[in-house]
Structures are given as C-alpha cells and as structure tokens.
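Examining the three-dimensional arrangement
Here is what each chain is made of, one letter per residue.
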Amino acid sequence: MQAQPGSSAASPAGAGRRRRAKAVFFDRDGTLNVDIHYLHRPEDFQWIPGAQEAIKYVNDRGYLAILVTNQSGVARGYYPESDVVRVYDWMNAELQRSGAHLDALYYCPHHPDGSVPRYTKTCVCRKPSPGLVDRACEEFAIDKASSYFVGDTESDMACARNAGIRGVRYEGGSLLALVRAAVK
Ligand SMILES: [Mg+2]
Ligand SMILES: [Zn+2]
C-alpha cells in the first residue's frame, strides 16, 4: 500500500521509509560503444573494452544500470526514435549472453538546431541538463548520494554535477577497470 501525499497517519517519520535504490548511469556513445557519430544501427555498434563486464559488475553489486544518452540525430532527421530503442534492445540482447542487463533507457531526442519541428527546441533533458537523470531518480526512487554517472565528456561530468551525482570520467582503456575502482 502506498502512503498518500501529505498523509502523516501511517507511521512516525522514517519508520516506514522504503530503502531507496542506487544506480550507475552510463552515457552511451564513447562510453559503452565506440563513438562513430549518430550511431543508429546495431550492425555499427562496437563495444568499448570492458563495457559489458562493467555493466555486469554494477548489476552484481545491486546498482540499477541506466543508460542516459543525447540523441540529437532524431531532431536532425537522421533516424527515428525507434532506432534509439532498437539499439538499446539489441544491447540488452547482447548483454544477456553474459548475464548482464541495462535496467532503463533515458534519451533526449531534441536539439535547438534540428530539422524535425517537433524535436527542434531547447529542452531540459539534453545533457548537460540534469533532466533525464532527475526523471530516472524520481521514477526509480534513486538515492543520488549513493549513485554514479559514468561518461566520456565534460558535458557528462557537468550533467553529473548539475544532477548532484558523482561523475566518473572515462578516458580510454578498460571501462571495467574504471568502474571497479570508482564504484564500491
Ligand atoms: Mg559520450
Ligand atoms: Zn531533450
């Protein structure tokens, strides 16, 4: 049963509080896969060394593994939103073979200089805005203080700061080694 907003009848403060989830947020291009710019076909997807193992590592430690990605190619008319989902589904099918998985996908299809009118705007979800991370934290009841954001760009680190989550910068090499060192 869920407590009603504003209700104080259920229990003393804290007593009935549900344990909050913790998460590792992953950028996609340049972090989990080699960035070829506007990737939208599974055939072109090439895993970064240690990426699948890094996801498995956070799975095994009880973190949600959440993909957070800017996909301005949608606003630019290069590919439809369904391609973003298709690549995500393909990634999960690949991960399944090693017993790993991503728990959720959050993406921004917008860009201020797009060519598809409905996606062409300045939004609150395009990184470094914290919109996508904030939405995920709300929807999964994630405790930001015990969560991480792993990405390869300064924009990802800015997004982490804006969201109030620890940023972990990937700069090459094994993603697993980086994640093992950062995420306990
Ligand atoms: Mg990236
Ligand atoms: Zn957006």
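For clarity, every value in this text was computed on a predicted model and none was experimentally measured. (Residues numbered from 1 in each chain as written. Chains lettered and ligands numbered in written order. Predicted model: local features only at pLDDT ≥ 70, side-chain atom pairs only at ≥ 80, totals over all residues. Heavy atoms only, no water.)

**Some points on the overall build of the chain**
Inclusion rule: What counts as a helix is a DSSP run of H or I of at least four residues, what counts as a strand is a run of E of at least two, and both are numbered from the N terminus. Note on method: radius of gyration uses C-alpha positions; expected globular size equals 2.2 Å times residues raised to 0.38. Working definition: with a 1.4 Å probe on protein chains only, accessible area under 20% of the residue-type maximum means buried, over 50% means exposed, and in between means partly exposed. Any two residues whose heavy atoms approach within 4.5 Å are treated as being in contact. With residues, only the protein chains shown are counted as cover, and all accessible areas are computed by Shrake-Rupley using a 1.4 Å probe. Charge assignment: positive for Lys and Arg, negative for Asp and Glu; neither His nor the chain ends contribute. In plain terms, the charge of a residue is placed at NZ if it is Lys, CZ if Arg, CG if Asp and CD if Glu.
Secondary structure assignment for the chain yields 6 helices and 5 strands. Starting at the N terminus and walking to the C terminus, you meet the elements of the chain as β-α-β-α-α-β-α-β-α-β-α. In terms of overall dimensions, the chain is globule-like: its C-alpha atoms have a radius of gyration of 17 Å, near the 16 Å expected for 184 residues. In terms of overall dimensions, the chain has C-alpha extents of about 55 × 40 × 30 Å along its principal axes. Within the chain, the proportion of its 184 residues that are buried is 45%. For the chain, restricting intrachain contacts to residue pairs at least 6 apart in sequence, the fraction spanning at least 24 positions comes to 68%. Of the roughly 9,600 Å² of accessible surface on the chain, 49% is carried by carbon and sulfur atoms. Where the 23 positive side-chain charges of the chain centre and where its 21 negative ones centre are 6 Å apart.

**Regarding the confidence of the model for the chain**
Where we set the bar: The pLDDT value expresses, per residue, how confident the predictor is, ranging between 0 and 100.
Per-residue confidence for the chain averages 92 on the pLDDT scale, and 90% of its residues sit at or above 70. Predicted confidence for residues 1–16 stays below pLDDT 50, and this span has 1 contact to residues more than four positions away or in other chains.

**Things to note about the coordination of the zinc ion (ligand 2)**
Reference geometry at the metal: tetrahedral coordination by four donors gives ideal angles of 109.5 degrees; octahedral coordination by six donors gives 90 or 180 degrees. This is how it is decided: Because no water is among the atoms considered, metal sites can look incomplete, with donors defined as N, O and S atoms within 2.8 Å of the metal, or 3.2 Å for Na, K and Ca. Geometry is assigned from the angles between donors: four donors with all angles from 85 to 135 degrees make a tetrahedral site, four or six donors whose opposite pairs exceed 155 degrees while the rest stay between 65 and 115 make square planar or octahedral sites respectively, and everything else is labelled irregular.
Looking at the zinc ion (ligand 2), the protein donor atoms are Cys108 (SG), His110 (ND1), Cys123 (SG) and Cys125 (SG), and they sit 2.1 to 2.3 Å from it. Geometry at the zinc ion (ligand 2) is tetrahedral, judged from the 4 donor atoms that bind it and their angles of 104 to 117° at the metal. Along the chain, the residues that donate to the zinc ion (ligand 2) are spaced as C-x1-H-x12-C-x1-C. Highlighted residues: His110 in the loop between β3 (104–108) and α4 (131–139) and Cys125 in the loop between β3 and α4, separated in sequence by 15 residues.

**Quick look at the sheet that holds strand β2 (residues 64–70)**
Rules: In short, DSSP must find at least two bridges between two strands for them to pair. Lines fitted to C-alpha atoms define the axes, with helix axes restricted to the stretch in contact, and inter-axis angles between N-to-C directions lie between 0 and 180 degrees.
Read from one edge to the other, the open sheet built from 5 strands follows the order β3-β2-β1-β4-β5, with strand pairing classed as parallel. Every interior strand has two partners, whereas the edge strands, β3 and β5 (166–169), have only one. When the angles between neighbouring strand axes are averaged without regard to direction, this sheet yields 25°. In terms of strand pairing, β2 meets β3 through 5 bridges, oriented parallel. When the bridges of β3 are listed, Val68 appears paired with Tyr106.

**Observations concerning the pairing of β3**
Counting buried residues along β3, 5 of its 5 residues qualify, which places the element largely inside the surrounding structure. Alternating positions in β3 separate into two faces, Ala104, Tyr106 and Cys108 on one and Leu105 and Tyr107 on the other, with burial throughout.

**Here's the deal with the nonpolar core**
Formally: To define a nonpolar core, start from buried Ala, Val, Leu, Ile, Met, Phe, Trp, Tyr and Cys residues and group those joined through side-chain atoms within 4.5 Å.
Core analysis: the biggest nonpolar cluster contains 36 residues, and Phe26, Leu32, Ile55, Leu175 and Val179 have the highest contact counts within it. Listing elements by their share of this core, those giving two or more residues are β1 (23–26), α1 (51–60), β2, α2 (72–75), α3 (81–96), β3, β4 (148–151) and α6 (175–182). Filtering out sequence-adjacent residues up to four positions away, Leu175 remains in contact with Phe26, Thr31, Leu32, Ile48, Pro49, Gly50, Ala51, Ala54, Val150 and Tyr170. Listed in part, the 20 residues of the second largest apolar core include Ala23, Ala104, Cys137 and Phe149.

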